[in-house]
Amino acid sequence: PAPKVARVQLRQNYPNPFNPRTTIRYTLARPGRVALRVFDVTGRLVATLRDDVEPAGDREVEWDGRDRAGRTVASGVYIYRLSTESGENASRRMAVVK
């Protein structure tokens with residue numbers, strides 16, 4: 001069996017920098033509501049990749065570099081943030097290169 005984690009673990013996306021797709025992996029210590037969102041460097045919400053109740057364990061999400069309106073985002077640095085209903089938060093940076 002996989003070792004238990006004490007808290008949320010958010011891994012660096014791969015590939016990074018990326019074009020046109022990247023994969024984000026994370027591990028949840030306990031089941032519950034999870035939100036995984038992408039923001040630009042000014043803090044504006046770009047995309048919501050997950051907003052749902054999920055079981056504990058390893059997860060993987062692919063982002064196609066599109067915003068909430070379905071438009072391809074510009075080259076640049078973006079922040080992805082994982083938040084849980086238990087109040088755990090983790091964030092990392094990623095780069096889109098065209």
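The rules behind these values
Residues numbered from 1 in each chain as written. Predicted model: local features only at pLDDT ≥ 70, side-chain atom pairs only at ≥ 80, totals over all residues. Heavy atoms only, no water. Helix = DSSP H or I, 4+ residues; strand = E, 2+ residues; numbered from the N terminus. Buried < 20%, exposed > 50% of the residue type's maximum accessible area, 1.4 Å probe, protein only. Areas by Shrake-Rupley, 256 points an atom, 1.4 Å probe, with all protein chains shown as cover. Lys, Arg positive; Asp, Glu negative; His and termini not counted. Charge placed at Lys NZ, Arg CZ, Asp CG, Glu CD. Pairing = 2+ DSSP bridges. Axes fitted to C-alpha atoms, helices over the stretch in contact; angles between N-to-C directions. Salt bridge = Lys/Arg side-chain N within 4 Å of Asp/Glu carboxyl O. Polar contact = N/O pair within 3.5 Å; in protein donor to acceptor, adjacent residues only side chain to side chain. Contact = heavy atoms within 4.5 Å.

> Please set out the overall build of the chain residue by residue, giving values where relevant.
Scanning the chain from N- to C-terminus turns up zero helices and seven strands. If you list the helices and strands of the chain from N to C, you get β-β-β-β-β-β-β. Relative to its 98 residues, the chain shows a buried fraction of 38%. Accessible surface, the chain as shown: approximately 5,900 Å² in total, 48% of it carbon and sulfur. Between the averaged position of the 18 positive side-chain charges in the chain and that of its 11 negative side-chain charges there is a distance of 4 Å.

> Give me the lowdown on the sheet that holds strand β7 (residues 89–96), citing residues and values where you can.
Ordered in space as β4-β3-β6-β7, the four strands form an open sheet in which the pairing is antiparallel. Sheet topology places β4 (45–54) and β7 at the edges, where each strand pairs with a single neighbour. Geometrically, the sheet is characterised by an average inter-axis angle of 15 degrees between neighbouring strands, direction not taken into account. Pairing geometry for strand β3 (residues 32–40) and β4, over eight bridges, is antiparallel. Within the sheet, the bridge partner assigned to Ala35 lies in β4 and is Asp51.

> Pulling in residues and values, what's your account of the pattern of salt bridges?
Where side chains of opposite charge bring their charged atoms close, a pairing between them can arise. Applying the stated criterion to the full structure yields ten salt bridges. Ionic pairing is found between Arg37 and Asp51, a salt bridge with its closest N-O pair at 3.5 Å. Of this pair, Arg37 sits in strand β3 while Asp51 is found in strand β4, placing the two residues 14 residues apart along the sequence. Arg44 serves as the salt-bridge partner of Asp40, at 3.2 Å between the closest nitrogen and oxygen. Looking at Arg44, the relative accessible area reads 48%, which means it is partly exposed.

> Please give an account of the side chain of Glu54 that cites residues and values.
Note on placement: Glu54 falls in strand β4. Looking at Glu54, the relative accessible area reads 7%, which means it is buried. A polar contact of 2.9 Å, which involves the side chain of Glu54, links it to the side chain of Tyr26. Apart from residues lying up to four places away in sequence, Glu54 is in contact with Tyr26, Leu28, Pro31, Gly32, Val34 and Arg59.

> Break down the sheet that holds strand β5 (residues 57–63) for me, with residues and values.
Across the sheet, three strands lie side by side as β1-β2-β5; this open sheet has antiparallel pairing. Of all strands in the sheet, those bounded by a partner on one side alone are β1 (9–10) and β5. Here seven bridges tie strand β2 (residues 22–28) to β5, and the two strands are oriented antiparallel to one another. Bridging across to β5, Ile24 finds its partner in Val61.

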